[in-house]
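# A structural walkthrough
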Amino acid sequence: MTEPALLSHKIRGALAPCRLGAWPTPLEPAPGLAQALGLGELCVKREDRSAARAGGNKVRGLEFLFAGVPSGTVFVTVGATGSTHCLATAVHAPRIGCRAVLVQFPQPETRESRAVAEASAAEAALVVRARARATLPAALWAGWRSARALGRRRWIPGGGADPRAVVGHFLAGLELAAQVARPPDAIVLPLGTGGTAAGLVLAIIELGWPTRVIAVRVAPLLVANAWRVRALARAAARLLRRHGVALGPLRRAPPLVVVDGAGRGYGHPTPAGARARALAARYGLSLDPTYGAKALALLLGGVPGGVQRAVFWHTFALPRGAVEPGA
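A brief report on the enclosed structure follows.

About the criteria used
Residues numbered from 1 in each chain as written. Predicted model: local features only at pLDDT ≥ 70, side-chain atom pairs only at ≥ 80, totals over all residues. Heavy atoms only, no water. Pairing = 2+ DSSP bridges. Helix = DSSP H or I, 4+ residues; strand = E, 2+ residues; numbered from the N terminus. Right-handed = clockwise from strand over helix to strand, strands pointing away. Buried < 20%, exposed > 50% of the residue type's maximum accessible area, 1.4 Å probe, protein only. Core = buried A, V, L, I, M, F, W, Y, C linked by side-chain atoms within 4.5 Å. Contact = heavy atoms within 4.5 Å. Axes fitted to C-alpha atoms, helices over the stretch in contact; angles between N-to-C directions.

Before going further, it helps to spend a moment on the pairing of strand β5 (residues 126-129). Note: strand β4 (residues 99-105) against β5, four bridges, orientation parallel. By the bridge assignment, Val 101 is partnered in β5 with Leu 126. The β-α-β motif built from β4, the intervening helix α5 (residues 111-123) and the parallel element β5 has right-handed crossover chirality.

Set out below in structure tokens:
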């Protein structure tokens, strides 16, 4: 395997992503929270600090999805009203001279989802909202048609789940090699559309670590599943190969474990998630109820078999000025 830092440099040279985030994001020890959860060691990967505005894991993928796009392009994407991907797209597109059109469907309203929805509406060139999931296809068509009047259109899949974006999350996984003394037993993260988990799976295989990627499902099974994660990882590896970056063989079984944490569904807070948020807040860590709280809740019910040293992937920062959890 190529040395991780050199491999990252080679990938950036081959795919030429734009620069939106501050890398590497910090890896912070959380000894108090670890003890409260019954872990020997816990570190938090602060993807929420990837950018001053609309930070989070989605910034990784957008650097590659925006690469080489002409100024004036209009990105059209889809997500729930509280979608962190939609918010990140709307905030960061103008940084490269572009705009965003968001097509959104309703989700249960919380303080956090309302803050994200308001920030998204303020930043996007246009927001088209479906009244219900059943009317989403019509809203998608209306959004795509309306975007044509604003400039040259470019489609981004929901959640940014595209092989190019997966490469950004692959680089995030490679960052860990310089941040930990030895591989963790597990990386725990929320599983939505699968791009982040796919990048981490690819990184763990490339690093040759015994680490498990434990992805806590927070979205419908149709989009949040192991098959999709593995397919995205393979597609990202093929993309890199086409650009002259060959990774090691992927014959090894992907170190992926998918656990259901969705509760009543996407965006619905769960009792376990609420307990996880309260516990994390006591140690200075703010979690949202849709993603981070449900992922950390996995560790509340007892440590998964064999896991004593874990990395928690903190994927989302509230919009500036939003109400913090527990406030």
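Looking along a regular strand, one sees the side chains alternate between the two faces of the sheet. Counting buried positions along strand β7 (residues 186-191) gives six out of six residues, so the element sits mostly inside the fold. Both β7 and strand β8 (residues 212-217) contribute to a ladder of six bridges, which runs parallel. Within the sheet, the bridge partner assigned to Leu 189 lies in β8 and is Ala 215. What joins β7 to β8 is helix α8 (residues 195-207), and the crossover it makes is right-handed. Bridge count for β7 against strand β10 (residues 309-314) is three bridges, and the pairing is parallel. For Val 188, the partnering residue across the bridge sits in β10 and is Phe 312.

What follows is about the nonpolar core. Ranked by internal contacts, the top residues of the largest apolar core, which has 56 residues, are Ile 11, Val 167, Phe 170, Leu 240, Leu 247 and Trp 313. When residues of this core are assigned to their parent elements, the largest contribution, nine residues, is made by α8. Among residues more than four places away in sequence, those in contact with Trp 313 are Lys 45, Glu 47, Ala 172, Gly 173, Leu 176, Ile 187, Val 188, Leu 189, Pro 190, Thr 196 and Leu 200. Grouped together as the second largest cluster of nonpolar side chains are 25 residues, Ala 30, Leu 37, Leu 42 and Leu 298 included.

Across the sheet, six strands lie side by side as β1-β2-β10-β7-β8-β9; this open sheet has mixed pairing. Among the strands making up the open sheet, the edge pair consists of β1 (27-29) and β9 (256-260). For this sheet the average axis-to-axis angle between neighbouring strands, irrespective of direction, equals 25 degrees. Pairing between strand β2 (residues 41-46) and β10: six bridges, direction parallel. Counted as the bridge partner of Val 44 is Phe 312 from β10.

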